[in-house]
Amino acid sequence: MMENKLKCRIGPSVLNSDLSQLYAESQKLLDNGADYLHLDVMDGNFVPNLTFGHPVVKCLRKKIPNAFFEAHMMVQNPEQWIEPMNNAGINLYTFHIEPVITDVIRVCRKIKESGMKVGLAIKPGTGIEDLRCYIDHADVILVMTVEPGFGGQKFLQDMMPKVQWLRHNYPLLDIEVDGGVGLNTITACAEAGANMIVSGTAIIDSIDQAAVIASLRETVESSIHKCNV
Ligand SMILES: O=C(CO)[C@H](O)[C@H](O)COP(=O)(O)O
Ligand SMILES: [Fe+2]
């Protein structure tokens, strides 16, 4: 995703949508202006919740052949799911460094070899110092702005210094935020330097998804414009 100029990308999370209608919910988000879909995969181990895995992603991919899919892998063993998720049609495989801290580079290499982009995610309690040496191996850095595991939580404003540090040191890096991001919190994310925006309940629960997505985009684009000039 990294290019000469930063681009704003809005990636709704389907986590709190009606998952019995996953295809319809996903297509609606894309029709309303989403740039990509953020698919939250939880294993009940790394986080205390379960969602869905590669069989569901594969079914969704059959119905939606062309959209960009990110898998946010909240799992204890991300290496285990690289091949199945690649076969299922994931484009960006984002995993947490916390459970694999000694093997991050190997996992990144395997993801790249499979043909997917690499995302590295950090929980709120993980500092930049733990991530720093891996940044060059990633296409996207995901700074969690809630404790991973559930949608609809309160945005953690005190994660913004991590985003600021990343943007200051990596002007062209794709920096993603996820958790509690909506119309009330997007300005903080945009001003800190995030350009990839995951937003779940703020979009899903809205009666006008297209307007929310457009507004999130406008806020981010006006901050990016300052960086690109
Ligand atoms: O990774 C996640 C939770 O672990 C979700 O992507 C995130 O919570 C999005 O939902 P919301 O915008 O409602 O917080
Ligand atoms: Fe997520």
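Residues numbered from 1 in each chain as written. Chains lettered and ligands numbered in written order. Predicted model: local features only at pLDDT ≥ 70, side-chain atom pairs only at ≥ 80, totals over all residues. Heavy atoms only, no water.

- With an unreviewed UniProt entry as reference, the protein is termed Ribulose-phosphate 3-epimerase, source organism Phyllotreta striolata.
- Taken from UniProt, the Sequence similarities (unreviewed entry) comment for the protein reads in full: "Belongs to the ribulose-phosphate 3-epimerase family."
- The heading Catalytic activity (unreviewed entry) in the UniProt record of the protein holds the text "D-ribulose 5-phosphate = D-xylulose 5-phosphate". (UniProt positions renumbered as here; feature names shortened; annotations may be inferred.)

## Concerning the overall build of the protein
Here comes step 1: Broken down by element type, the protein carries 9 helices and 8 strands.
Here comes step 2: The C-alpha radius of gyration computed for the protein amounts to 16 Å, which stays within 12% of the reference 17 Å derived for 229 residues, consistent with globular compactness.
Here comes step 3: Oriented by its inertia axes, the alpha-carbon framework of the protein measures out at about 40 × 40 × 30 Å.
Here comes step 4: Counting all 229 residues of the protein, 53% fall into the buried class.
Here comes step 5: Long-range pairs, those at least 24 residues apart, make up 66% of the contacts in the protein between residues at least 6 apart in sequence.
Here comes step 6: Accessible surface for the protein amounts to roughly 10,100 Å². Of this, 49% is attributable to carbon and sulfur atoms. (Helix = DSSP H or I, 4+ residues; strand = E, 2+ residues; numbered from the N terminus. Rg over C-alpha atoms; globule rule 2.2 N^0.38 Å. Buried < 20%, exposed > 50% of the residue type's maximum accessible area, 1.4 Å probe, protein only. Contact = heavy atoms within 4.5 Å. Areas by Shrake-Rupley, 256 points an atom, 1.4 Å probe, with all protein chains shown as cover.)

## Some details on the coordination of the iron ion (ligand 2)
Here comes step 1: The protein atoms that coordinate the iron ion (ligand 2) are H38 (NE2), D40 (OD), H72 (ND1) and D178 (OD), at distances spanning 2.1 to 2.2 Å.
Here comes step 2: One way to put it: the 6 donor atoms around the iron ion (ligand 2) meet at angles of 72 to 174 degrees, and that makes the site octahedral. (Donors = N, O, S within 2.8 Å, 3.2 Å for Na, K, Ca; no water. Tetrahedral: all angles 85-135°; square planar, octahedral: opposite > 155°, others 65-115°.)

## Describing the site of ligand 1
Here comes step 1: Around ligand 1 sit 19 residues, and of these G149, G152, D178, G200 and T201 come closest.
Here comes step 2: F150 has a polar backbone atom sitting 3.4 Å from an oxygen atom of ligand 1.
Here comes step 3: For ligand 1, whose unbound accessible area comes to 360 Å², protein coverage reaches 99%.
Here comes step 4: Elements with a minimum of two residues in the shell around ligand 1: β2 (36-42) and β3 (68-74). (Near = heavy atom within 4 Å. Polar contact = N/O pair within 3.5 Å; in protein donor to acceptor, adjacent residues only side chain to side chain.)

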